[in-house]
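Spelled out, the chains give:
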Amino acid sequence: MKKKIAIISEQAFPFTLSGSIGTVGLNVYVAELAKNLSIAGYSIDIYTRWDDAQLPQIVHWKPGIRIIHIKAGPTTPILKEDLLPFLPEFRQNMLDFIRIQKLSYGLIHANFWTSALVASQLKEILAIPFVVTFHALGYLRRIYQNEYEYSLSERILIEEDVIKKADQIIAVCPQDKEDLMRYYSTPAFKITIIPCGYNPEELYPVNKMMAREILKLDPKEFILLQLGRIVPRKGVDNLIHALSKLKSANMNVRLLLVGIEQGVEMFRLQTLARENALEEFVTFTGPENREMLKYYYSAADIFVTTPWYEPFGITPLEAMACGTPVIGAEVGGIKYTVLDGQTGFLVPSRDPDMLAQKIRLLNSKPRLHLKMSNNALERVKSEFTWDKVAAQMDRLYEHILISSRQTSISMFTSPSQPNQNSFLM
(Lines give C-alpha, C1' and ligand atoms only; values in the text may rest on other atoms or scores of the structure.)
Protein backbone atom coordinates (compact mmCIF):
# COMPACT_ATOMS: atom_id res chain seq x y z
CA MET A 1 0.00 0.00 0.00
CA LYS A 2 1.33 3.44 -0.96
CA LYS A 3 2.19 5.92 1.77
CA LYS A 4 0.01 9.01 1.36
CA ILE A 5 1.48 12.44 2.12
CA ALA A 6 0.57 16.07 1.50
CA ILE A 7 2.98 18.71 0.26
CA ILE A 8 2.03 22.33 0.89
CA SER A 9 3.54 24.90 -1.44
CA GLU A 10 0.98 27.66 -1.64
CA GLN A 11 3.20 30.07 -3.58
CA ALA A 12 4.84 27.76 -6.12
CA PHE A 13 3.56 24.63 -7.82
CA PRO A 14 5.16 22.18 -10.25
CA PHE A 15 3.91 23.24 -13.65
CA THR A 16 4.58 26.96 -13.20
CA LEU A 17 6.77 27.92 -16.14
CA SER A 18 10.24 29.31 -15.55
CA GLY A 19 9.88 33.06 -15.55
CA SER A 20 6.43 33.21 -13.97
CA ILE A 21 5.71 35.18 -10.84
CA GLY A 22 7.01 33.27 -7.84
CA THR A 23 10.14 31.43 -6.83
CA VAL A 24 11.45 29.30 -9.68
CA GLY A 25 13.86 27.27 -7.53
CA LEU A 26 10.98 26.34 -5.21
CA ASN A 27 8.87 25.20 -8.18
CA VAL A 28 11.69 22.89 -9.27
CA TYR A 29 12.18 21.55 -5.73
CA VAL A 30 8.50 20.67 -5.28
CA ALA A 31 8.14 19.16 -8.76
CA GLU A 32 11.26 16.99 -8.73
CA LEU A 33 10.89 15.85 -5.13
CA ALA A 34 7.26 14.84 -5.72
CA LYS A 35 8.07 12.95 -8.94
CA ASN A 36 10.87 10.97 -7.33
CA LEU A 37 8.92 10.25 -4.15
CA SER A 38 6.08 8.95 -6.31
CA ILE A 39 8.51 6.56 -8.00
CA ALA A 40 9.62 5.48 -4.52
CA GLY A 41 6.05 4.46 -3.66
CA TYR A 42 4.31 7.57 -2.30
CA SER A 43 0.87 8.90 -3.19
CA ILE A 44 1.15 12.69 -3.08
CA ASP A 45 -1.25 15.62 -3.00
CA ILE A 46 0.36 19.01 -3.59
CA TYR A 47 -1.68 21.87 -2.14
CA THR A 48 -1.14 25.27 -3.71
CA ARG A 49 -3.01 28.56 -3.88
CA TRP A 50 -5.58 28.82 -6.69
CA ASP A 51 -4.17 31.68 -8.75
CA ASP A 52 -5.71 30.94 -12.16
CA ALA A 53 -9.48 30.69 -12.58
CA GLN A 54 -9.00 28.67 -15.78
CA LEU A 55 -7.45 25.77 -13.87
CA PRO A 56 -9.60 23.01 -12.32
CA GLN A 57 -9.38 22.49 -8.58
CA ILE A 58 -7.85 19.04 -8.97
CA VAL A 59 -5.14 18.31 -11.54
CA HIS A 60 -3.91 14.74 -11.99
CA TRP A 61 -0.40 15.86 -12.84
CA LYS A 62 1.73 12.70 -12.83
CA PRO A 63 1.10 9.08 -11.80
CA GLY A 64 0.44 9.15 -8.07
CA ILE A 65 0.56 12.97 -7.88
CA ARG A 66 -2.37 15.36 -7.70
CA ILE A 67 -2.21 19.15 -7.53
CA ILE A 68 -5.00 20.58 -5.39
CA HIS A 69 -5.82 24.26 -5.92
CA ILE A 70 -7.07 25.94 -2.77
CA LYS A 71 -9.01 29.21 -2.81
CA ALA A 72 -7.23 31.92 -0.84
CA GLY A 73 -7.72 35.50 -1.92
CA PRO A 74 -8.07 36.45 -5.60
CA THR A 75 -7.62 33.78 -8.27
CA THR A 76 -4.75 35.75 -9.75
CA PRO A 77 -0.98 35.66 -9.14
CA ILE A 78 0.21 37.69 -6.15
CA LEU A 79 3.66 38.24 -4.67
CA LYS A 80 4.76 35.90 -1.89
CA GLU A 81 5.24 38.97 0.35
CA ASP A 82 1.48 39.54 0.16
CA LEU A 83 0.35 36.00 1.05
CA LEU A 84 0.12 36.21 4.84
CA PRO A 85 -3.39 37.77 5.10
CA PHE A 86 -4.82 34.96 2.92
CA LEU A 87 -3.39 32.05 4.94
CA PRO A 88 -6.39 31.65 7.31
CA GLU A 89 -8.62 31.17 4.25
CA PHE A 90 -6.09 28.77 2.72
CA ARG A 91 -5.94 26.71 5.93
CA GLN A 92 -9.73 26.54 6.32
CA ASN A 93 -10.38 25.62 2.68
CA MET A 94 -7.65 23.00 2.74
CA LEU A 95 -9.12 21.59 5.95
CA ASP A 96 -12.61 21.50 4.37
CA PHE A 97 -11.24 19.72 1.30
CA ILE A 98 -9.52 17.06 3.42
CA ARG A 99 -12.67 16.45 5.46
CA ILE A 100 -15.08 16.40 2.51
CA GLN A 101 -12.81 14.06 0.56
CA LYS A 102 -12.23 11.94 3.72
CA LEU A 103 -8.47 12.04 3.16
CA SER A 104 -5.90 10.68 5.57
CA TYR A 105 -2.24 11.71 5.37
CA GLY A 106 0.64 10.19 7.26
CA LEU A 107 2.69 13.36 7.01
CA ILE A 108 2.74 16.92 5.65
CA HIS A 109 5.83 18.46 4.03
CA ALA A 110 5.63 22.26 4.10
CA ASN A 111 7.74 24.48 1.86
CA PHE A 112 8.50 28.08 2.89
CA TRP A 113 7.44 29.72 6.15
CA THR A 114 3.89 30.52 4.99
CA SER A 115 3.20 26.87 4.11
CA ALA A 116 4.76 25.86 7.42
CA LEU A 117 2.35 28.06 9.34
CA VAL A 118 -0.58 26.27 7.71
CA ALA A 119 1.00 22.87 8.37
CA SER A 120 1.57 23.68 12.04
CA GLN A 121 -2.10 24.60 12.49
CA LEU A 122 -3.29 21.49 10.65
CA LYS A 123 -1.11 19.40 12.96
CA GLU A 124 -2.98 20.81 15.96
CA ILE A 125 -6.37 20.17 14.34
CA LEU A 126 -5.77 16.82 12.62
CA ALA A 127 -2.73 15.46 14.52
CA ILE A 128 -0.74 15.06 11.30
CA PRO A 129 3.05 15.33 11.81
CA PHE A 130 4.87 17.74 9.54
CA VAL A 131 8.34 18.60 8.30
CA VAL A 132 9.39 21.90 6.81
CA THR A 133 11.95 23.08 4.29
CA PHE A 134 12.18 26.85 4.79
CA HIS A 135 14.22 27.56 1.62
CA ALA A 136 14.99 30.99 3.14
CA LEU A 137 14.93 32.39 6.66
CA GLY A 138 13.45 35.68 7.76
CA TYR A 139 16.31 36.44 10.14
CA LEU A 140 18.83 36.24 7.29
CA ARG A 141 16.62 38.39 5.10
CA ARG A 142 16.64 41.00 7.83
CA ILE A 143 20.43 40.89 8.03
CA TYR A 144 21.10 41.11 4.30
CA GLN A 145 18.20 42.97 2.69
CA ASN A 146 15.99 44.58 5.28
CA GLU A 147 14.96 47.33 2.89
CA TYR A 148 13.53 44.82 0.40
CA GLU A 149 11.37 42.78 2.78
CA TYR A 150 8.01 43.32 4.43
CA SER A 151 6.70 42.29 7.88
CA LEU A 152 9.97 40.58 8.80
CA SER A 153 9.36 40.76 12.55
CA GLU A 154 6.05 38.92 12.19
CA ARG A 155 7.62 36.40 9.84
CA ILE A 156 10.45 35.63 12.27
CA LEU A 157 8.01 35.11 15.15
CA ILE A 158 6.04 32.67 13.00
CA GLU A 159 9.21 30.83 11.98
CA GLU A 160 10.23 30.49 15.63
CA ASP A 161 6.85 29.03 16.53
CA VAL A 162 6.83 26.68 13.53
CA ILE A 163 10.27 25.35 14.48
CA LYS A 164 8.98 24.44 17.95
CA LYS A 165 6.01 22.55 16.52
CA ALA A 166 7.63 20.84 13.53
CA ASP A 167 8.59 17.19 13.80
CA GLN A 168 11.75 17.87 11.80
CA ILE A 169 13.38 20.79 9.98
CA ILE A 170 15.06 20.03 6.66
CA ALA A 171 18.20 22.11 6.14
CA VAL A 172 19.41 22.16 2.54
CA CYS A 173 23.09 22.61 3.42
CA PRO A 174 25.37 22.79 6.50
CA GLN A 175 25.16 26.60 6.56
CA ASP A 176 21.38 26.36 6.68
CA LYS A 177 21.66 24.11 9.73
CA GLU A 178 24.12 26.48 11.40
CA ASP A 179 21.77 29.42 10.79
CA LEU A 180 18.80 27.55 12.27
CA MET A 181 20.81 26.74 15.37
CA ARG A 182 22.41 30.17 15.75
CA TYR A 183 19.49 32.50 15.03
CA TYR A 184 16.52 30.33 16.06
CA SER A 185 18.07 28.19 18.83
CA THR A 186 16.94 25.06 17.00
CA PRO A 187 18.35 21.90 18.64
CA ALA A 188 20.66 19.93 16.35
CA PHE A 189 18.64 16.71 16.75
CA LYS A 190 15.66 18.42 15.15
CA ILE A 191 17.51 19.26 11.91
CA THR A 192 18.26 16.92 9.02
CA ILE A 193 20.45 18.06 6.12
CA ILE A 194 19.01 17.00 2.76
CA PRO A 195 20.23 19.00 -0.26
CA CYS A 196 18.49 20.01 -3.45
CA GLY A 197 19.21 18.14 -6.66
CA TYR A 198 19.06 18.06 -10.44
CA ASN A 199 17.38 15.85 -13.02
CA PRO A 200 19.96 14.10 -15.27
CA GLU A 201 17.28 13.43 -17.90
CA GLU A 202 16.65 17.16 -18.16
CA LEU A 203 20.14 18.62 -17.69
CA TYR A 204 23.24 17.14 -19.28
CA PRO A 205 26.22 18.36 -21.34
CA VAL A 206 25.49 19.48 -24.89
CA ASN A 207 28.27 20.12 -27.40
CA LYS A 208 29.31 23.73 -26.80
CA MET A 209 29.39 24.78 -30.45
CA MET A 210 26.04 23.14 -31.14
CA ALA A 211 24.50 24.86 -28.10
CA ARG A 212 25.85 28.23 -29.26
CA GLU A 213 24.52 27.65 -32.76
CA ILE A 214 21.05 26.88 -31.36
CA LEU A 215 21.16 30.04 -29.22
CA LYS A 216 22.78 32.14 -31.97
CA LEU A 217 25.80 32.97 -29.83
CA ASP A 218 29.29 33.87 -31.07
CA PRO A 219 31.47 30.71 -31.07
CA LYS A 220 34.60 32.77 -30.37
CA GLU A 221 33.49 34.74 -27.33
CA PHE A 222 34.27 33.66 -23.76
CA ILE A 223 30.77 33.53 -22.31
CA LEU A 224 29.84 34.14 -18.67
CA LEU A 225 26.35 33.01 -17.67
CA GLN A 226 24.17 34.16 -14.80
CA LEU A 227 20.74 32.56 -14.57
CA GLY A 228 17.86 33.16 -12.16
CA ARG A 229 15.76 35.96 -10.76
CA ILE A 230 17.30 39.36 -11.36
CA VAL A 231 16.94 40.92 -7.91
CA PRO A 232 19.43 42.99 -5.85
CA ARG A 233 20.58 40.18 -3.52
CA LYS A 234 21.76 38.10 -6.51
CA GLY A 235 24.70 40.49 -6.89
CA VAL A 236 24.56 40.82 -10.67
CA ASP A 237 26.10 44.30 -10.35
CA ASN A 238 29.24 42.63 -8.96
CA LEU A 239 29.49 40.63 -12.17
CA ILE A 240 29.05 43.72 -14.34
CA HIS A 241 31.87 45.47 -12.46
CA ALA A 242 34.07 42.39 -13.02
CA LEU A 243 33.16 42.43 -16.71
CA SER A 244 34.35 46.02 -16.92
CA LYS A 245 37.77 44.94 -15.64
CA LEU A 246 37.91 42.05 -18.11
CA LYS A 247 37.09 44.34 -21.04
CA SER A 248 39.76 46.79 -19.88
CA ALA A 249 42.20 43.88 -20.28
CA ASN A 250 40.89 43.37 -23.85
CA MET A 251 39.33 40.00 -23.10
CA ASN A 252 36.80 38.86 -25.70
CA VAL A 253 34.03 38.19 -23.20
CA ARG A 254 30.24 38.38 -23.04
CA LEU A 255 27.88 38.31 -20.07
CA LEU A 256 24.62 36.44 -20.64
CA LEU A 257 21.83 37.16 -18.14
CA VAL A 258 18.95 34.69 -18.29
CA GLY A 259 15.98 34.98 -15.94
CA ILE A 260 12.99 36.82 -14.61
CA GLU A 261 13.39 40.52 -15.23
CA GLN A 262 12.41 42.59 -12.19
CA GLY A 263 11.65 46.12 -13.41
CA VAL A 264 13.58 48.45 -11.06
CA GLU A 265 16.61 46.16 -10.72
CA MET A 266 16.67 45.53 -14.45
CA PHE A 267 16.77 49.26 -15.13
CA ARG A 268 19.56 49.72 -12.57
CA LEU A 269 21.71 47.01 -14.15
CA GLN A 270 21.13 48.30 -17.68
CA THR A 271 22.16 51.77 -16.48
CA LEU A 272 25.28 50.32 -14.84
CA ALA A 273 26.23 48.53 -18.05
CA ARG A 274 25.71 51.70 -20.07
CA GLU A 275 27.76 53.82 -17.65
CA ASN A 276 30.64 51.36 -18.04
CA ALA A 277 30.30 51.25 -21.85
CA LEU A 278 29.30 47.57 -21.69
CA GLU A 279 25.88 47.59 -23.39
CA GLU A 280 27.05 45.58 -26.39
CA PHE A 281 28.76 42.98 -24.17
CA VAL A 282 25.81 42.30 -21.83
CA THR A 283 22.84 40.34 -23.15
CA PHE A 284 19.56 40.21 -21.20
CA THR A 285 17.56 37.30 -22.64
CA GLY A 286 14.58 37.42 -20.30
CA PRO A 287 13.08 34.20 -18.87
CA GLU A 288 13.44 30.88 -20.69
CA ASN A 289 11.53 27.63 -20.48
CA ARG A 290 13.38 24.87 -18.69
CA GLU A 291 13.85 22.74 -21.79
CA MET A 292 16.20 25.43 -23.13
CA LEU A 293 18.37 25.68 -20.00
CA LYS A 294 20.77 22.84 -20.89
CA TYR A 295 21.75 24.80 -24.01
CA TYR A 296 22.50 27.96 -22.04
CA TYR A 297 24.49 26.10 -19.39
CA SER A 298 26.42 24.15 -22.03
CA ALA A 299 27.07 27.21 -24.22
CA ALA A 300 28.68 29.08 -21.32
CA ASP A 301 32.36 28.83 -20.45
CA ILE A 302 31.72 29.69 -16.80
CA PHE A 303 28.58 29.95 -14.71
CA VAL A 304 28.91 32.86 -12.28
CA THR A 305 26.75 33.53 -9.23
CA THR A 306 27.79 35.94 -6.49
CA PRO A 307 24.73 36.65 -4.31
CA TRP A 308 24.98 38.36 -0.92
CA TYR A 309 23.54 35.18 0.55
CA GLU A 310 21.95 32.04 -0.88
CA PRO A 311 20.06 29.41 1.19
CA PHE A 312 21.03 26.76 -1.35
CA GLY A 313 21.02 27.73 -5.01
CA ILE A 314 19.93 25.09 -7.51
CA THR A 315 21.48 26.83 -10.52
CA PRO A 316 25.13 26.01 -9.65
CA LEU A 317 24.15 22.32 -9.53
CA GLU A 318 22.41 22.62 -12.88
CA ALA A 319 25.43 24.30 -14.45
CA MET A 320 27.77 21.59 -13.15
CA ALA A 321 25.36 18.95 -14.48
CA CYS A 322 26.04 20.41 -17.93
CA GLY A 323 29.79 20.28 -17.38
CA THR A 324 30.24 24.00 -16.76
CA PRO A 325 32.61 25.16 -13.99
CA VAL A 326 31.11 27.54 -11.44
CA ILE A 327 32.54 30.64 -9.84
CA GLY A 328 30.33 31.36 -6.89
CA ALA A 329 30.13 33.45 -3.76
CA GLU A 330 31.39 31.73 -0.63
CA VAL A 331 27.96 31.75 1.00
CA GLY A 332 25.20 29.32 1.97
CA GLY A 333 24.62 26.36 -0.30
CA ILE A 334 27.09 27.54 -2.93
CA LYS A 335 30.09 26.88 -0.70
CA TYR A 336 28.62 23.40 -0.07
CA THR A 337 28.09 22.38 -3.70
CA VAL A 338 31.05 24.13 -5.37
CA LEU A 339 34.42 22.67 -4.37
CA ASP A 340 36.93 25.52 -4.47
CA GLY A 341 39.75 24.76 -6.90
CA GLN A 342 38.11 21.52 -8.06
CA THR A 343 34.72 22.21 -9.64
CA GLY A 344 35.23 25.98 -9.85
CA PHE A 345 36.17 28.78 -7.48
CA LEU A 346 34.66 30.41 -4.42
CA VAL A 347 35.02 34.19 -4.10
CA PRO A 348 33.73 36.93 -1.77
CA SER A 349 30.24 38.19 -2.63
CA ARG A 350 31.25 41.77 -3.43
CA ASP A 351 34.80 41.61 -4.76
CA PRO A 352 34.81 42.23 -8.53
CA ASP A 353 38.63 42.27 -8.58
CA MET A 354 38.84 38.71 -7.23
CA LEU A 355 36.00 37.59 -9.50
CA ALA A 356 37.73 39.02 -12.58
CA GLN A 357 41.00 37.38 -11.51
CA LYS A 358 39.41 33.91 -11.29
CA ILE A 359 37.65 34.36 -14.64
CA ARG A 360 40.93 35.31 -16.31
CA LEU A 361 42.62 32.29 -14.73
CA LEU A 362 40.11 29.85 -16.20
CA ASN A 363 40.21 31.64 -19.54
CA SER A 364 44.00 31.34 -19.71
CA LYS A 365 44.26 27.70 -18.59
CA PRO A 366 42.15 25.43 -20.83
CA ARG A 367 43.45 22.26 -19.14
CA LEU A 368 42.33 23.53 -15.74
CA HIS A 369 38.98 24.48 -17.26
CA LEU A 370 38.55 20.97 -18.68
CA LYS A 371 39.53 19.35 -15.39
CA MET A 372 37.02 21.46 -13.47
CA SER A 373 34.35 20.67 -16.04
CA ASN A 374 34.88 16.92 -15.57
CA ASN A 375 35.05 17.25 -11.78
CA ALA A 376 31.81 19.26 -11.70
CA LEU A 377 29.94 16.64 -13.69
CA GLU A 378 31.28 13.81 -11.54
CA ARG A 379 30.38 15.60 -8.29
CA VAL A 380 26.73 16.26 -9.11
CA LYS A 381 26.20 12.78 -10.53
CA SER A 382 27.51 11.16 -7.36
CA GLU A 383 25.87 13.45 -4.79
CA PHE A 384 22.98 15.55 -6.07
CA THR A 385 20.53 13.72 -8.33
CA TRP A 386 16.88 14.04 -7.31
CA ASP A 387 16.50 10.28 -6.88
CA LYS A 388 19.27 10.38 -4.24
CA VAL A 389 17.57 13.36 -2.57
CA ALA A 390 14.23 11.51 -2.55
CA ALA A 391 15.87 8.44 -1.01
CA GLN A 392 17.15 10.56 1.88
CA MET A 393 13.73 12.18 2.26
CA ASP A 394 12.08 8.76 2.28
CA ARG A 395 14.27 7.66 5.21
CA LEU A 396 13.36 10.80 7.13
CA TYR A 397 9.63 10.44 6.43
CA GLU A 398 9.72 6.78 7.50
CA HIS A 399 11.40 7.69 10.78
CA ILE A 400 8.74 10.32 11.50
CA LEU A 401 5.87 8.02 10.50
CA ILE A 402 7.15 5.30 12.83
CA SER A 403 7.63 7.82 15.67
CA SER A 404 4.14 9.20 15.07
CA ARG A 405 2.56 5.74 15.25
CA GLN A 406 4.42 5.03 18.49
CA THR A 407 3.28 8.36 19.94
CA SER A 408 -0.33 7.62 18.96
CA ILE A 409 -0.19 4.26 20.73
CA SER A 410 1.34 5.93 23.81
CA MET A 411 -1.34 8.64 23.85
CA PHE A 412 -4.07 6.02 23.47
CA THR A 413 -2.81 4.14 26.54
CA SER A 414 -1.95 7.24 28.67
CA PRO A 415 -3.94 10.22 29.96
CA SER A 416 -3.98 12.96 27.30
CA GLN A 417 -2.31 16.31 27.95
CA PRO A 418 -3.72 19.65 26.76
CA ASN A 419 -1.85 21.53 24.06
CA GLN A 420 -0.62 24.74 25.66
CA ASN A 421 1.40 26.12 22.73
CA SER A 422 -1.17 27.11 20.13
CA PHE A 423 -0.23 29.79 17.59
CA LEU A 424 -3.30 31.43 16.09
CA MET A 425 -3.33 34.10 13.44
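Structure: above.
Described in the following lines is the structure provided in the data block. Within every chain, residues take consecutive numbers counted from 1 along the sequence as written. Residue-level local features of this predicted model are given only where pLDDT is at least 70; pairs of side-chain atoms are given and counted only at 80 or more, and the full residue set underlies all totals for whole chains, interfaces and linings. Based on all heavy atoms of the structure, the side-chain values leave hydrogens and waters out of the count.

**Focus: the overall build of the protein chain**
Secondary structure elements follow DSSP: runs of H or I of four or more residues count as helices, runs of E of two or more count as strands, with numbering from the N terminus. Scanning the protein chain from N- to C-terminus turns up 15 helices and 14 strands. For the radius of gyration, the atoms used are the C-alpha atoms, and the globule rule reads 2.2 Å times the number of residues raised to 0.38. For 425 residues, the compact-globule estimate of 2.2 N^0.38 gives 22 Å, and the protein chain sits close to it at 22 Å. By its C-alpha atoms, the protein chain is 75 × 45 × 40 Å across when sized along the principal axes. Residues count as neighbours in contact if any of their non-hydrogen atoms are within 4.5 Å of one another. Long-range pairs, those at least 24 residues apart, make up 68% of the contacts in the protein chain between residues at least 6 apart in sequence. Residue exposure ignores everything except the shown protein chains as possible cover, and the areas themselves are Shrake-Rupley values with a 1.4 Å probe. Roughly 18500 Å² of accessible area belongs to the protein chain as shown, and the carbon and sulfur atoms make up 52% of that amount. Distance between charge centroids for the protein chain: 4 Å, based on 47 positive and 45 negative side chains. Within this scheme the basic residues Lys and Arg register as positive and the acidic residues Asp and Glu register as negative, but His and the chain ends are omitted. In this description, the location of a charge corresponds to atom NZ of lysine, CZ of arginine, CG of aspartate or CD of glutamate.

**Overview of the sheet that holds strand β8 (residues 191-193)**
Two strands pair under a simple rule: DSSP has to find at least two bridges between them. The strand order β3-β4-β2-β1-β5-β6-β7-β8 describes an open sheet built from eight strands, whose pairing is mixed. The open sheet has two edge strands with one neighbour each: β3 (58-62) and β8. Here the average twist between neighbouring strands, direction ignored, is 25 degrees. Axis lines are fitted through C-alpha atoms, for helices just across the contact stretch, and the angle between N-to-C directions can take any value from 0 to 180 degrees. Packed onto the sheet, helix α3 (residues 113-126) meets β1 (3-8), β5 (107-111) and β6 (130-133) and runs at close to 155 degrees relative to β5.

**Some thoughts on the packing of aromatic side chains**
Where two aromatic rings form a pair, the distance of their centres and the angle of their planes describe that pair. Ring pairs shown here join Phe, Tyr and Trp side chains whose ring centres sit within 6.5 Å, with only the six-membered ring taken for Trp; geometry is labelled stacked below 30 degrees between planes, edge-to-face above 60, and tilted in between. All chains considered together, the criterion is met by 10 aromatic pairs. Look at Tyr144 and Tyr309: their rings are 5.0 Å apart centre to centre, the planes differ by 25 degrees, and that puts the pair in the stacked class. You can see Tyr144 sitting in helix α4 (residues 138-145) and its partner Tyr309 sitting in the loop between β12 (302-305) and α11 (314-321), a full 165 residues away along the chain. Think of it in three bands: residues with accessible area under 20% of the maximum for their type are buried, residues over 50% are exposed, and the middle band is partly exposed, with areas taken using a 1.4 Å probe on protein chains only. A relative accessible area of 4% means that Tyr309 is categorised as buried. A network of ring pairs unites the aromatic residues Tyr47, Phe97 and Tyr105 as a single cluster. Cation placement over rings: the criterion is NZ of Lys or CZ of Arg within 6 Å of the ring centroid and within 35° of the ring normal. Lying across the ring of Trp61, Lys62 places its NZ or CZ 5.3 Å from the centre.

**Considering the nonpolar core**
Generally speaking, soluble globular proteins have nonpolar side chains that are buried together. Residues belong to a common nonpolar core when they are buried Ala, Val, Leu, Ile, Met, Phe, Trp, Tyr or Cys residues joined through side-chain atoms within 4.5 Å. Residues Tyr47 and Phe134 are the most contacted members of the largest nonpolar core, which totals 106 residues. Those residues in contact with Phe134, other than ones at most four positions away along the chain, are Phe112, Trp113, Ala116, Glu159, Val162, Ile163, Ile169, Ile170 and Leu180.

**Here we look at α11**
For α11, the tally of buried residues reaches eight of eight residues, placing the bulk of the element in the interior. Where α11 ends, the next residue or the one after it, Gly323, has phi of about 75 degrees, a positive value.

**Thoughts on the pairing of β5**
The two faces of a sheet get side chains in turn, since along a regular strand they alternate between them. β5 sits mainly inside the fold: five of its five residues count as buried. Of the two faces of β5, the one holding Leu107, His109 and Asn111 and the one holding Ile108 and Ala110 are both buried throughout. Here β1 runs beside β5; their pairing, made up of four bridges, is parallel. Within β5, the residue paired with Ile5 across the bridge is Leu107.

**What about unusual backbone geometry?**
For Ala127, which is not a glycine, the phi torsion comes out positive at approximately 60 degrees. With respect to the secondary-structure elements, Ala127 resides in the loop between α3 and β6. With phi around 70 degrees, His135 is a residue other than glycine that occupies positive phi space. Note on placement: His135 falls in the loop between β6 and α4.

**Considerations on the packing of helix α2 (residues 87-100) against α3**
In contact at an axis separation of 10 Å, α2 and α3 are set at 45 degrees when each is read in the N-to-C sense. Our classification of the angle between α2 and α3 gives oblique. Crossing hand, α2 versus α3: right-handed. Of the residues in α3, those in contact with Leu87, Phe90, Arg91, Met94, Leu95, Ile98 and Arg99 of α2 are Thr114, Leu117, Val118, Gln121, Leu122, Ile125 and Leu126. The classification used treats Ala, Val, Leu, Ile, Met, Phe, Trp, Tyr, Cys and Pro as nonpolar, Asp, Glu, Lys and Arg as charged, and all other residues, Gly among them, as polar. A class-by-class count of the residues in the contact of α2 with α3 yields 10 nonpolar, two polar and two charged. Note that the term roughly parallel is reserved for angles under 35 degrees, roughly antiparallel for angles over 145, roughly perpendicular for angles of 65 to 115, and oblique for everything else. By definition, turning the near helix anticlockwise from the far helix through less than a right angle yields a left-handed crossing, and turning it clockwise yields a right-handed one.

**Section: the environment of Thr114**
Tracing the chain through its elements places Thr114 in helix α3. A sequence separation of 268 residues divides Thr114 from Ser382, and the C-alpha atoms of the two residues are 33 Å apart. Not counting the four nearest positions on each side in its chain, Thr114 is found in contact with Glu10, Leu83 and Leu87.

**Quick notes on the side chain of Ser120**
By secondary structure assignment, the location of Ser120 is in helix α3. Distance and chemistry together define a polar contact, namely a pair of N or O atoms within 3.5 Å, with one atom able to donate a hydrogen and the other to accept it when in protein, and with adjacent residues in sequence counting only for side-chain atoms on both sides. A distance of 2.7 Å separates a polar side-chain atom of Ser120 from the backbone oxygen of Leu117. Setting aside residues up to four positions removed in sequence, Ser120 forms contacts with Phe130, Val162 and Lys165.

**Some points on the sheet that holds strand β11 (residues 282-286)**
Here we have six strands laid out as an open sheet, ordered β11-β10-β9-β12-β13-β14, and parallel in their pairing. Where the open sheet ends on each side, the last strands, each with one partner, are β11 and β14 (344-347). Taken pair by pair, the neighbouring strands of this sheet meet at an average axis angle of 20 degrees, ignoring direction.

Keep in mind these values describe shape, not function.
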